[in-house]
Amino acid sequence: IVTMLKDAERSKAPIVKIIEKYLDLYFPFVIMIAAITLFVTSDINRAVAILVLSCPCALVLASPTAMIAALVNAPKYGIMIKNTAFLEILADIDTMVFDKTGTVTFGKLEIEKINPQPGVAINDLLEKASICASGSHHPVSTAIIDYMHNNNIGISVHTGQQEIHGMGVKTEINGIKYYLGRQSWICEDSGLKEVEASNAGNSISVWVATDKQILGQLFFSDKPRPEMKDAINNVRKLGVKHFVLLTGDKKQIGEEIGSKLGFDEVISECIPQDKLDYINKKKDENHKVMFVGDGINDALALKASDCGVAIAHGGSD
C-alpha cells in the first residue's frame, strides 16, 4: 500500500504533463527576451524584472499542490488513490456503473429456502453443496457454509475446486463431478437435462448437482444498503447523468433493487465479460465511465473503465 501511494505521488495528471510540455518551450523564450533586454538596455534590473514577472509560479504549482493535497486527505476517508490522473478524470465522469452484490447491497446472503428434487434429502443436498462451497469465497458459498454451521450440519471440506466466474463452482472427487451454480451452465458442462425451476419471487438462487443428476435449488436473500439511494442522489447533483446497475442475478431481482435505489438502467444476468463489453460500449459512445465493484469478477470492468473504484471493506482482496 505504501509503495502504491508513493507511485501515485510520482504519477502526473494529464494537465501537469501538458503544462510541462509547453514549459519546455516557454522558459527558453523568456530567457531569450531577458537576454535581449539586457543587451539593449544594459540594465540588469530590467532583465531580472522580466524573469520574475514571466515566471508562472501559480500555474506550475497549482496542479501538483492540489493533487498532493487530495492524496494526503483521501486516506482519512478510507480512500486510496492509485494514480493522480484519476483525480482529473473524475471531473468529466458522466456515467456511473455499479456492481450489485456487495456493492449496492450488503453482500451478506442468507439461505431462505431449500428446494430439493424428488427423492433427495435436504441434508444430502446441503452436503453436496458444501463440497463446492468450502473452496470458494463467493457470497453464495459463504452463506451455505454459515447455514450449515448454524444448523450443526456436517461440512465436507475438499480442495481442488474450480470457480468459473459468473457461472459457479465445480470439483471432482473419486470420479464424480459436483456442481454449484447456474443450471444452464451445469447442464452444458455435464450433459444433464434442465429441470423446471421453482419460483421464489425476488430471491437469488443457485443449483446443486452431480454429473449424474440435478439435486435441487437453494434460494438466498440480500438487502440493499440503506445509504445507497442518498449517495446516488448526491452524486447526481454533482453532474453525473446516468446511473447503471449490472448484476448477475435474474431480471426481477435486478429491477427491484434498481428501482428502489434510483438507477436509470438495470442490466441483469451479466457475466464478467458482459460487464466489460458494456463499459467498452459506453466508452465507444464517448462517455466517461466510472465503475464501482467489490469482487475479483469485477476486475475486467474496473480496469477498462475511465475510473475504477474497488470497494475494499467487505469486498474481495
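Residues numbered from 1 in each chain as written. Predicted model: local features only at pLDDT ≥ 70, side-chain atom pairs only at ≥ 80, totals over all residues. Heavy atoms only, no water.

Asks: Just checking my understanding: could you explain the overall build of the protein chain for this structure?
Replies: Looking only at helices and strands, one finds 13 helices and 11 strands in the protein chain. The proportion of buried residues among the 317 residues of the protein chain is 39%. Contacts in the protein chain between residues far apart in sequence, at least 24 positions, make up 59% of those at least 6 positions apart. A total of about 17,900 Å² of accessible surface is found on the protein chain, and carbon and sulfur atoms cover 57% of it. (Helix = DSSP H or I, 4+ residues; strand = E, 2+ residues; numbered from the N terminus. Buried < 20%, exposed > 50% of the residue type's maximum accessible area, 1.4 Å probe, protein only. Contact = heavy atoms within 4.5 Å. Areas by Shrake-Rupley, 256 points an atom, 1.4 Å probe, with all protein chains shown as cover.)

Asks: I tried to follow unusual backbone geometry on my own but got confused; where do I start?
Replies: Most peptide bonds take the trans form, and the phi angle of most residues other than glycine is negative. Residue Glu-269 is not a glycine yet carries a positive backbone phi of 55°. Note on placement: Glu-269 falls in the loop between strand 9 (265-267) and helix 12 (272-284). Positive phi, normally seen in glycine, also occurs at Asn-286, with a value near 65°. By secondary structure assignment, the location of Asn-286 is in the loop between helix 12 and strand 10 (289-293).

Asks: In this structure, what is going on with helix 12? I would like to understand it.
Replies: Spacing of three or four residues puts side chains on the same side of an α-helix, whose turn is 3.6 residues. The terminal C-alpha atoms of helix 12 lie 19 Å apart, and with 13 residues this matches the ideal 18 Å at 1.5 Å per residue to within 8%. Next to the buried residues of helix 12 lie strand 1 (95-99), strand 8 (242-246), strand 9, strand 10 and helix 13 (299-304). In the segment just after helix 12, Asn-286 is the residue with positive phi, at about 65°. (Expected span 1.5 Å × (residues − 1).)

Asks: Sorry, what's going on with the sheet that holds strand 7 (residues 214-221) here?
Replies: Sheets are built from strands paired through backbone hydrogen bonds, the pairs being either parallel or antiparallel. Spatially, 2-7-6-5-4-3 is the arrangement adopted by the six strands of the open sheet, whose pairing is antiparallel. Because the sheet does not close on itself, it has two edges, and the strands there are strand 2 (110-116) and strand 3 (162-164). Taken over all neighbouring pairs, the strand axes of this sheet differ in orientation by 20° on average, direction set aside. Where strand 4 (residues 168-173) meets strand 5 (residues 176-181), six bridges bridge the pair, whose relative direction is antiparallel. Across the sheet, residue Thr-171 finds its bridge partner in strand 5, namely Tyr-178. Across the sheet, helix 8 (residues 139-150) is in contact with strand 2, strand 5, strand 6 (204-210) and strand 7; its angle to strand 2 comes to roughly 85°. Strands strand 3, strand 4, strand 5, strand 6 and strand 7 of the sheet are contacted by helix 9 (residues 183-190), whose axis makes an angle of about 160° with strand 5. (Pairing = 2+ DSSP bridges. Axes fitted to C-alpha atoms, helices over the stretch in contact; angles between N-to-C directions.)

Remember, this is a structural readout, not a statement about activity or role.
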